[in-house]
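Summary of structural features
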Amino acid sequence: MALPKRQTDIGPPKYDQFIPPVIKKNYGKWKYHEVLTGGTMVHVAESGDTLHTVRVASPRILSTETIRDICDMAERYCEGYLRFTTRNNVEFLVSDKSKMEPLLKELKEKKYSVGGIGPRISNIVHTQGWVHCHSACTDASGMVKAIMDDVYDYFTTKELPNKVRLAVACCVNMCGAVHCSDIAVVAVHRKVPTINHELVTKVCEIPTTVASCPTSAIRPNPKEKTVTINEEKCMYCGNCFTVCPPIDIHKPDEDGVAIVVGGKIGSLRTSPKFSKLAIPFFYNEPPRWPKVVAAVRNILETYAKNAKKHERVGEWIERIGWESFFKLTGIEFTFQHIDDFTFARDTFRTSAAFKY
Amino acid sequence: MSGKYKTPLLDELEKGPWPSFVTEIKKAAKKSPMADDELGQLEKSYRTKRGYWKHGGIVGVLGYGGGVIGRYSSLPEEFPGIAHFHTVRINQTSGFFYTAEALKMICDIWDKYGSGLTNMHGSTGDLVLLGTTTENLEAIFAEYSSRGWDLGGSGSAMRTPSCCVGPGRCEWSNIDTLDITYTLTQEFQDELHRPAFPYKFKIKTAGCAVDCVAAIARADLSIIGTWKGNIQIDQAEVKKYADAGMNIQAEIVEMCPTNCMSYNGTLKINDAECSRCMHCIAKMTKALRSGKEKGATLLVGSKAPIVVGSLLSWVIVPFIKVDAPYTELKDMIRKMIGWWDDTAKPRERIGEVIEAEGMRSFLEAIGVPAQPQQVKEPRKDPFFFWEESDFQK
């Protein structure tokens, strides 16, 4: 069967073909919005027109079967119009308010999860994990599923002091926004990689491999046409593995995950912040990582109990001080918490005023 | 063809209320032996706690250097269906708006040539099709491109630009994020499809400082909408918030980072002191609107931690007008990329190059003067360079 004629460099189709008439009419002229429930909101335009939105959870990995089911509902209740959010939720764009009730009814019957709007947990931004990545040191999708099952009420109904953005990255490459999330999990290695010298000689470019190391732990071994690693200097980032796969960073029995907290992206009230280390390590415990799930819940609930209204996790911690954060959460403070890398000197305390 | 594997560990992840990715893979596996083998290999990963994917090989479509990421199972004999399991990145629409008709078309083609599994969406923003073979790539590209859909970016190239919902459905958006993203994507088609940069370059556009697309943390160039002029106040709506129980003193006035507000039945803002953080506007959206002169702040440099630490983007151009056809913005981006391309070592992001070369070098190359808005504070050390041009002043 002949294929249609290919085109190149056309870019994506223009967005205006995919927006409902009410958006076309009121584009850039929205006046305000109201959060109606944990998963529904209404936007009101200056013209008085309204657009209702129903936000639904997605595991991000979607089969075409599920996408078709979502599309069928969009056709029944939204004249076919829908969108996805930057956190991978599905949004039904309902122009006719009377369609809200039947849409919500069908979503409930089919066990879709409606939520993620307002001062709550939205979907977890995450990476491919064992599902599809060569570099994964844990499985992101499984951990996300286990965490979201546990904090489910905070997605659908229960409120928090402010929104809480969760992320999971399956290695330190952090293809998700782990480095600026309220609470996030990042998979880490803890052992110096193992070198398959014979293969390094065959497949790796030695200068690139040496240059890939941020701590200059890798030295060339020209005689053997391979490299050596200074074990004292290696901090297990795995960047060498990325450029030279025979340097195997994976150690399934020693790999695991760390939990970082207090990051944010918006400039509201305080500047955007990086996430900082809360818990340096948990072993991988598939399929449901119970210790990680419990640790996330502990941090979340300590925040919910102690933060002021509108404070994000990082703002709450900065107000009370990190020493109080460790005390309130009961998390042990270790040598791993004290920075000894790029930005270390900015993190040491330079004041005689602190708490116990 | 499906159900070849027993998956007791993954089955545990079909329990509980949150939607299950395992259920999605099983749905795809009913039709696709590739998805079934994906399930089998994943169960093995859950048993052994390690992945079985090889590094991506170089695969793609004729005339492009990106858009497809090669992926091969390291256990092709055990799981032959995923011996090839490549990713195809389809450039998403601005703001992720779709019609059911378009998405169903995308699904039909994908079921014909791939595993039936997708990511809606990938971290950079692309609509990700997960799992196909090398010999299907040209057909996939012909089918999609003939229907108006192109591939996204990968490798050392301009990556698929992405944005928040913007004026499509948000009262806070100061700029037309959807149109800016569409226009820039079209402008940089060559850079996007044919990797010729030192490393990746990402552009994200957010309508305001709430930054729902994480532009400030995840883009080499972060375009964030802002304004000049006074915040517009509707005192009647302020009163309604108070009547509805909002503690305006505690929740708004005392949480303002610049202490530029006061309230005694009437809300007052000293706009000269306002830093445009968005807190009050976001919490009292019916009562407050941003000032009338709209534009964007351009920030540069953010990235994830590989390899010497994460960066947030730095303010480079405090205020720039961004109205169609965006000539000034396009010129500025070309100057930024040109300097980076000339200066960077391989695999160096623009933020890292600015750190290595000094901010002055970058600012002078793109013709932007030094301004206090670019720094949190001036330098602390007494070691500063002087250039010949400084003596002429």
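Provided above is the structure to which this section pertains.
Residues numbered from 1 in each chain as written. Chains lettered and ligands numbered in written order. Predicted model: local features only at pLDDT ≥ 70, side-chain atom pairs only at ≥ 80, totals over all residues. Heavy atoms only, no water.

Focus: the packing of helix 4 (residues 100-113) of chain B against helix 5 (residues 137-146) of chain B
All names here are of chain B. Two numbers describe how helix 4 lies on helix 5: the axes approach to 10 Å, and their chain directions differ by 165°. As summarised for this structure, helix 4 and helix 5 are arranged roughly antiparallel, according to the angle between their axes. When the axes of helix 4 and helix 5 are compared, the crossing they make is right-handed. Within the contact between the two elements, helix 4 uses Met105, Ile106, Ile109, Trp110, Lys112 and Tyr113 and helix 5 uses Ala139, Ile140, Glu143 and Tyr144. For the contact of helix 4 with helix 5, the residue count by class is 8 nonpolar, no polar and 2 charged. (Axes fitted to C-alpha atoms, helices over the stretch in contact; angles between N-to-C directions. Helix = DSSP H or I, 4+ residues; strand = E, 2+ residues; numbered from the N terminus. Parallel < 35°, antiparallel > 145°, perpendicular 65-115°, else oblique. Left-handed = near helix turned anticlockwise from the far one by under 90°. Contact = heavy atoms within 4.5 Å. Nonpolar A, V, L, I, M, F, W, Y, C, P; charged D, E, K, R; others polar.)

Concerning unusual backbone geometry
All names here are of chain A. Of note, the amide linkage connecting Pro286 to Pro287 takes the cis form, showing an omega dihedral of 10°. Within the fold, Pro287 resides in the loop between strand 15 (276-283) and helix 9 (290-306). A positive phi is found at Glu79, a non-glycine position, where the angle reads about 50°. By the secondary structure assignment, Glu79 is in the loop between helix 2 (64-77) and strand 5 (81-84).

A word on the state of the cysteines
Within this structure, the stated rule accounts for 1 disulfide over all chains. Looking at A:Cys237, it has no disulfide partner, and the nearest cysteine sulfur is the one in A:Cys240, 6.3 Å off. Given the relative accessible area of 17%, A:Cys237 is considered buried. Free of any disulfide, B:Cys280 has its nearest neighbouring cysteine sulfur in B:Cys274, separated by 6.3 Å. Take B:Cys280: its relative accessible area is 11%, and that puts it in the buried class. (Disulfide = S-S within 2.5 Å. Buried < 20%, exposed > 50% of the residue type's maximum accessible area, 1.4 Å probe, protein only.)

Here's the deal with the interface of chain A and chain B
Each partner contributes to the interface: chain A provides 114 residues, whereas chain B provides 123 residues. In terms of surface lost to chain B, no three residues of chain A exceed A:Arg6, A:Trp130 and A:His132, which account for 7% of the buried area on that side. One can count 12 salt bridges joining chain A with chain B. Residue A:Glu34 pairs with B:Lys286 through a salt bridge whose shortest N-O separation is 3.2 Å. (Buried area = accessible area lost by both parts, 1.4 Å probe. Salt bridge = Lys/Arg side-chain N within 4 Å of Asp/Glu carboxyl O.)

Let's talk about the pattern of salt bridges
Within this structure, the stated rule accounts for 54 salt bridges over all chains. Residue A:Asp96 pairs with A:Lys99 through a salt bridge whose shortest N-O separation is 3.9 Å. One connected set of salt bridges, linked through shared partners, spans A:Arg55, A:Arg83, A:Glu91 and B:Arg169.

Things to note about helix 9 of chain A
Given a rise of 1.5 Å per residue, 17 residues ought to cover 24 Å, and the 24 Å separating the end C-alpha atoms of helix 9 of chain A matches this to within 8%. If you check which residues of helix 9 of chain A are buried, you get A:Val292, A:Val293, A:Ala295, A:Val296, A:Ile299, A:Leu300, A:Thr302 and A:Tyr303. (Expected span 1.5 Å × (residues − 1).)

A closer look at the sheet that holds strand 15 of chain A
Sheets are built from strands that pair by backbone hydrogen bonding, the pairs being arranged parallel or antiparallel. Residues and elements named next belong to chain A. The strand order across the open sheet built from 5 strands is 7-8-9-14-15, with neighbouring strands paired in mixed fashion. Whereas interior strands pair on both sides, the edge strands pair on one side only; in this sheet they are strand 7 (125-126) and strand 15. Of the strand pairs in this sheet, strand 8 (residues 166-169) and strand 9 (residues 183-188) are connected by 4 bridges, and their pairing is parallel. Note that in strand 9 the partner of Val168 across the bridge is Val185. Its contacts with the sheet put helix 4 (residues 140-150) on strand 7, strand 8, strand 9 and strand 14 (256-261), and the angle it makes with strand 8 is roughly 155°. Most of the contacts of helix 11 (residues 322-329) go to strand 15, to which it runs at about 35°, and overall it touches strand 14 and strand 15. (Pairing = 2+ DSSP bridges.)

Side note on the environment of A:Cys137
Residue and element names in this part refer to chain A. Looking at where Cys137 falls in the secondary structure, it is placed in the loop between strand 7 and helix 4. Residue Cys137 is classed as buried on the basis of its relative accessible area of 2%. Distance from Cys137 to His189, taken between C-alpha atoms, is 7.4 Å for residues 52 residues apart in sequence. Those residues in contact with Cys137 that sit more than four places away from it in its chain are Trp130, Cys170, Ala187, Val188, His189, Asp255, Gly256 and Asn284.

Observations regarding the pairing of strand 3 (residues 50-56) of chain A
Residue and element names in this part refer to chain A. Most of strand 3 is tucked away: 6 of the 7 residues are buried. Relative to strand 3, strand 2 (residues 40-45) runs antiparallel, the two sharing 5 bridges. Across the sheet, residue Thr40 finds its bridge partner in strand 3, namely Val54. Between the antiparallel neighbours strand 2 and strand 3 lie 4 residues, among them Gly48 with a positive phi of about 95°. Of the pairings in the sheet, the one linking strand 3 to strand 6 (residues 90-94) comprises 5 bridges and is antiparallel in character.

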